[in-house]
Amino acid sequence: MSEGTGTISPAAPVDVGAADSFLGLGRARPLWFGPTDRPLFGWYHPARGATPRAALVMCSPFGHEAMSVHRGYVHLARRFAASGIAVLRFDYDGTGDSAGDAHDPDRVPAWIRSIRLARERLLRLCGAGSTFVFGLRLGALLALSEAVDNPADGLILFAPPASGRVWVREVQALQMLKQSQLPFAPATPEPAVVGFPLDQATREAISGLKYDGLVHPPARHVLLIARDDLPSGEAKLAPLLTESGAEVVVSKAPGYAEFVPEDPVKSRLPQAVADAILSFIDELHPPATGKPASLPREEAPAWSSPTPYGQFSGQTPASDGERFSGRPPVPYEEERENSPPPSGEEVPWSSPLSPPPEEETPTVSLRPPPMREETPTWSLRTAQLRGDAPGPLSLRRGEPAQLNSRIAILGGGIREEAVHFHGLFGILSEPVSAELPEPTAVLLFNIGANHHVGSNRLYVQMARAWSAQGFSVLRLDFSGIGDSPIAAGKRENEVYSKHMFHDARVAIDFMIARGAEHVVLLGLCSGAYVAYHSAILDSRVSDVVMINLLTFHWTEGDSLEIRTRSTHKSTTFYKRAALKLDTWKRLARGDVNVRGIAGQLALRTKKRLYREAKSVAARFTGTLVEATDVERGFRLLDERGTGVLALYGSDDGGIDVIEGHLGSGAEAMAGSRSFRMQVLEGPDHTFTPLWTQRQLVQLIGEYLLERYAGEP
């Protein structure tokens, strides 16, 4: 390899065919890598074929944007791997499933170092001779920054910001908008971006990332993919890269807006962008057959999905020239699920009060011994886009590539393991040594289509805090969400579906097989819906924690978009808003849906008066008030001794939903010893403010300790 390229030297390729099977996830493998005291988490997608034609590291954007595109990155990685390219997608230090916290110092150098670690790890795994680095938004700017100190063969930059300072201005404006919509906006803006910490030091470090001053090419070949909704930085970046000596191609492949929406459930993977990337790599490293490869039939499952990622859409515009002309997409098929459900059938579903079916506990393999690896030896240079041309990055040859590094020991006595059972993927956090008197497992269910880290990385905070207290915590991806493959006959990104009750049941089986004597189910919004019904269906559940549950009833085939649009704030919110001058100004501008709000309030008033009238009549006649199915469900849990903690933000519309069944303040459950309902002041629906996240983690942690460690 030429010294001038600065490309990481590859090691011998690793045979991944039979060495480390991870059933149900095809050839993709989860792994921790990097420093043993601060490991990074990622997914390795080995290239189809004996030898990969190239290696590609995928760098995520930041915060809510990374949440939106997570499932799309899964599909991109599989498509690239099917075309003969080895892929590693990963989480930066202190983000996603990786060790560390976003409040830690020196975030930008740590993120750039994460990219360097990922590049070295990938080449140790696959042995490819050429390295490409892909980045989206801030990920593009970080990828470019890392490549300045360690040039790659190719850079693929999707919607790069015009500079770090421009990106910071954009996210600050978004944060101000979101903060103005919060129930209680603090006097001093939080150091965050839509629920993700981003302190002043990190903002300044990102603002210092610039494109000018390039004295050598960060890559020999660069593909810039522009945004199709707003201007991005390609107009400024392209001439600077060309002047540095790089060969630059600019693509206007459409699809950014549909790929990076606010809600992950709406994300669509654009075919045109995937085509542009593959065309770029194909021209430099053609496929062995001269045509795109398809996934091997024996790995393809029987799943039909009219879902965002199951079908590609869009065409490459003619303006991109022959180099980016339309091409047939690589046939994409999710892997076949090799492990059947415990009973071989789906959970029967008749009513929320149906008893759980009788079944045997499945046999679950025990966890493998922890794997450790040495900290790579190199010094991290600061993230500046200027300086002397570097030499090649050295790599110690002969060091074993630990493909099955699925266990990491984190700080604070926490052990985390990537687990897979019956087609479901999750991350299990456990205490290394401390144990409760009675082993207790907490299962965290997906929040909408967000993957297992949870909105605002909330589930990672919960899992690590409670594991330090002695609990085993599993953050789980349901079928077709996050990193779990789609089960046959299911749809992708379904956030309300009865198949989730089956997934919850096998997760309970899994944790009990690992020694749990008590099982706690927890979810926010749609995750709370699954937790509630699963607790009713399965008498093995000891506690259920429901956070901002919006509905107790969902009919298969209902439109999530229509249901979301029709969701309203709490009655308390509207009463408080009516006293604010700003509300009347918005009303005058026509920015308030008066008809919808009035209709919802009238319906709530009608339900409340009806329930009160029935209560009065019952007192006079000496009869009992007829309970709703939801109240009967809570009473069933109470009879079993199943603890219930129902938490709601004061402005959340779910308060009126539960009070419609249980009365004001859940008075119908007033005599219960195991039911608690608490209203929290300050959070929005997904606990975006950082202080509300800390409050929630502490509150539930205290509840768990009280229940299972005897601590008040």
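Summarised in this report is the structure supplied together with it. (Residues numbered from 1 in each chain as written. Predicted model: local features only at pLDDT ≥ 70, side-chain atom pairs only at ≥ 80, totals over all residues. Heavy atoms only, no water.)

Here we look at the overall build of the chain
Rules: Secondary structure counts use DSSP, requiring at least four H or I residues in a row for a helix and at least two E residues in a row for a strand, with both numbered from the N terminus. The cut-offs for exposure are 20% and 50% of the maximum accessible area for each residue type, with area from a 1.4 Å probe on protein chains only; residues under the lower value are buried, those over the upper are exposed, and the others partly exposed. Should any heavy atoms of two residues lie within 4.5 Å, those residues are considered in contact. All accessibility values rest on the Shrake-Rupley procedure with a 1.4 Å probe; residue burial counts only the protein chains present in the view.
Counting its secondary structure elements, the chain contains 18 helices and 19 strands. Counting across all 712 residues of the chain, residues that qualify as buried make up 58%. Partitioning the contacts of the chain with sequence separation of at least 6, the portion at a separation of at least 24 is 77%. Element-wise, carbon and sulfur atoms account for 53% of the exposed surface of the chain, whose accessible area totals about 28,400 Å².

Topic: the sheet that holds strand 4 (residues 85-90)
To keep it simple, the criterion reads: Note on pairing: DSSP must find at least two bridges between two strands before they are called paired. Working convention: axes come from line fits to C-alpha atoms, limited for helices to the stretch in contact. Angles between N-to-C directions cover 0 to 180 degrees.
Sheet architecture is open: 8 strands sit in the order 1-2-4-3-5-6-9-10, paired in mixed fashion. Among the strands making up the open sheet, the edge pair consists of strand 1 (29-33) and strand 10 (247-251). Averaged over all pairs of adjacent strands, the angle between strand axes in this sheet comes to 20°, irrespective of strand direction. Here strand 3 (residues 54-59) runs beside strand 5 (residues 131-136); their pairing, made up of 5 bridges, is parallel. By the bridge assignment, M58 is partnered in strand 5 with F134. Those strands touched by helix 1 (residues 64-82) are strand 2 (40-45), strand 3, strand 4 and strand 5, and its axis lies near 160° from that of strand 4. The strands touched by helix 8 (residues 271-284) are strand 3, strand 4, strand 5, strand 6 (152-158), strand 9 (219-225) and strand 10; relative to strand 9, the strand with the most contacts, the crossing angle is about 160°.

Focus on a positive patch on the surface
This is how it is decided: The patches described consist of residues with a relative accessible area above 30% and no salt bridge, like charges being joined within 9 Å and nonpolar side chains (Val, Leu, Ile, Met, Phe, Trp, Tyr) within 5 Å. Salt-bridge detection follows one rule: a side-chain nitrogen of Lys or Arg within 4 Å of a carboxyl oxygen of Asp or Glu. Under this rule, positive means Lys or Arg and negative means Asp or Glu; His and the chain ends count for nothing. Note on charges: their place is set at NZ of Lys, CZ of Arg, CG of Asp or CD of Glu.
Judged by side-chain charge, R165, R169, K210 and K236 come together as a positively charged surface patch. Locating K236 in the fold gives a position in helix 6 (residues 234-244). The exposure class of K236 is partly exposed, given its relative accessible area of 42%.

Section: helix 6
Keep this limit in mind: Arc definition: it is the arc formed by the directions from the helix axis to the C-beta atoms.
All of the buried residues in helix 6 are E234, L237, A238, L241 and S244. The buried residues of helix 6 occupy an angular sector of 130° when the element is viewed end-on, so they sit on one face. Facing away from the buried side of helix 6 by more than 90 degrees, the exposed set consists of A235 and E243. Next to the buried residues of helix 6 lie helix 3 (138-149), strand 6, strand 9 and strand 10. One or two steps after helix 6, the chain reaches G245, where phi turns positive at roughly 110°.

Quick notes on unusual backbone geometry
Non-glycine residue D106 carries a positive phi angle of around 55°. Structurally, D106 is set in the loop between strand 4 and helix 2 (107-126). Positive phi values are uncommon outside glycine, yet N493 reaches one of about 55°. Relative to the assigned elements, N493 resides in the loop between strand 15 (472-477) and helix 10 (499-513). Overall, N493 belongs to the buried group, its relative accessible area being 6%.

Observations regarding the packing of aromatic side chains
We count it as follows: Stacked, tilted and edge-to-face pairs are distinguished by plane angle, under 30 degrees for stacked and over 60 for edge-to-face with tilted covering the rest, among Phe, Tyr and Trp rings (Trp via its six-membered ring) whose centres lie within 6.5 Å.
Summed over the entire model, instances satisfying the criterion amount to 19 aromatic pairs. Ring centres 6.0 Å apart and planes at 40° place the aromatic pair F501 and Y529 in the tilted group. Placement of the pair is F501 in helix 10 and Y529 in helix 11 (residues 526-537), with a sequence separation of 28 residues. Neither F501 nor Y529 differs from the other in exposure class; each is buried. In this structure an aromatic cluster arises from ring pairing among F62, F90, Y92, W111, W167 and F196.

Side note on the nonpolar core
The tendency in soluble globular proteins is for nonpolar side chains to be buried side by side. Just so we agree on the cut-off: By nonpolar core we mean a set of buried residues, namely Ala, Val, Leu, Ile, Met, Phe, Trp, Tyr and Cys, connected to one another through side-chain atoms within 4.5 Å.
Within the largest apolar cluster, 82 residues are counted, with the highest numbers of intra-cluster contacts made by L443, M462, W466, I547, F634 and I700. What W466 contacts, discounting residues up to four positions off in sequence, is V442, L444, F471, V473, L522, V697, I700, G701 and L704. Counting residues in each nonpolar core, the second largest holds 57 residues, with Y44, L88, A140 and A238 among its members.

A word on the packing of helix 11 against helix 16 (residues 629-640)
Basically, it comes down to this: When an angle is under 35 degrees it counts as roughly parallel; over 145 it counts as roughly antiparallel; between 65 and 115 it counts as roughly perpendicular; any other value is oblique. Whether a crossing is left-handed or right-handed is set by the direction in which the near helix is turned from the far one by less than a right angle, anticlockwise for left-handed and clockwise for right-handed.
At a minimum axis separation of 10 Å, helix 11 and helix 16 run at an interaxial angle of 55°. One finds that helix 11 runs oblique with respect to helix 16. As helix 11 runs across helix 16, the sense of the crossing is left-handed. Where helix 11 abuts helix 16, its residues Y532, A535 and I536 lie against D629, V630, G633, F634, L636, L637 and R640.

Looking at the environment of V460
With respect to the element layout, V460 can be found in helix 9 (residues 458-468). Taking the C-alpha atoms as reference points, V460 and R475, separated by 15 residues in sequence, lie 7.9 Å from one another. If near-sequence neighbours (up to four positions away) are discounted, V460 is found in contact with G96, D97, V453 and R475.

Brief notes about the sheet that holds strand 19 (residues 675-680)
Sheet architecture is open: 9 strands sit in the order 11-12-13-15-14-16-17-18-19, paired in mixed fashion. Two strands in the sheet have a free side with no partner beyond their single neighbour: strand 11 (407-410) and strand 19. Neighbour to neighbour, the strand axes of the sheet diverge by 20° on average, direction disregarded. Both strand 18 (residues 643-649) and strand 19 contribute to a ladder of 6 bridges, which runs parallel. Following the sheet pairing, L647 is matched in strand 19 by Q678. Strand contacts of helix 11: strand 14 (440-445), strand 16 (518-524) and strand 17 (541-547), with the helix running at about 145° to strand 16, the strand carrying the most contacts.

What about the side chain of H216?
Just so we agree on the cut-off: In protein, a polar contact requires one atom able to donate a hydrogen and another able to accept it; more generally it is a pair of N or O atoms within 3.5 Å, and residues adjacent in sequence count only if both atoms are side-chain atoms.
Along the polypeptide, H216 turns up in the loop between helix 5 (200-207) and strand 9. Reaching out from H216, the side chain makes a polar contact with the backbone oxygen of V148 at a distance of 3.1 Å.

Concerning the pairing of strand 15
Which entries qualify depends on this criterion: The path from the first strand over the helix to the second decides the hand: if it runs clockwise while the strands point away from the viewer, the crossover is right-handed.
Within strand 15, 6 of the 6 residues are buried, which leaves the element mostly enclosed by the surrounding structure. Because side chains alternate across strand 15, one face comprises the buried residues S472, L474 and L476, and the other comprises V473, R475 and D477, equally buried. In the sheet, strand 13 (residues 424-431) pairs with strand 15 via 5 bridges, with the strands oriented antiparallel. Bridged to F425 within strand 15 is D477. Bridge count for strand 14 against strand 15 is 4 bridges, and the pairing is parallel. From the neighbouring strand, V442 faces strand 15, where its bridge partner is V473. Handedness of the crossover joining strand 14 and strand 15 through helix 9 is recorded here as right-handed.

Some remarks on the environment of A173
Residue placement: A173 occurs in helix 4 (residues 164-180). The class of A173 is partly exposed, set by a relative accessible area of 46%. When the C-alpha atoms of A173 and V193 are compared, they prove to be 9.4 Å apart, with 20 residues separating the residues in sequence.

A closer look at the pattern of salt bridges
Inspection of every chain in the model, using the stated rule, returns 24 salt bridges. Here E430 makes a salt bridge to R415, at a shortest N to O gap of 2.9 Å. Here E430, found in strand 13, pairs with R415, found in strand 12 (residues 414-421); they are 15 residues apart in sequence, far enough to count as distant. Here R415 falls in the buried class, since its relative accessible area comes to 10%. Notably, a salt bridge pairs D543 with R707, separated by 2.9 Å at the nearest N-O pair. Residue D543 is found in strand 17, and its partner R707 is found in helix 18 (residues 690-708); the two are separated by 164 residues along the sequence. The class of R707 is partly exposed, set by a relative accessible area of 32%. Residues participating in the shared-partner salt-bridge network are R38, D93, D104 and R107.

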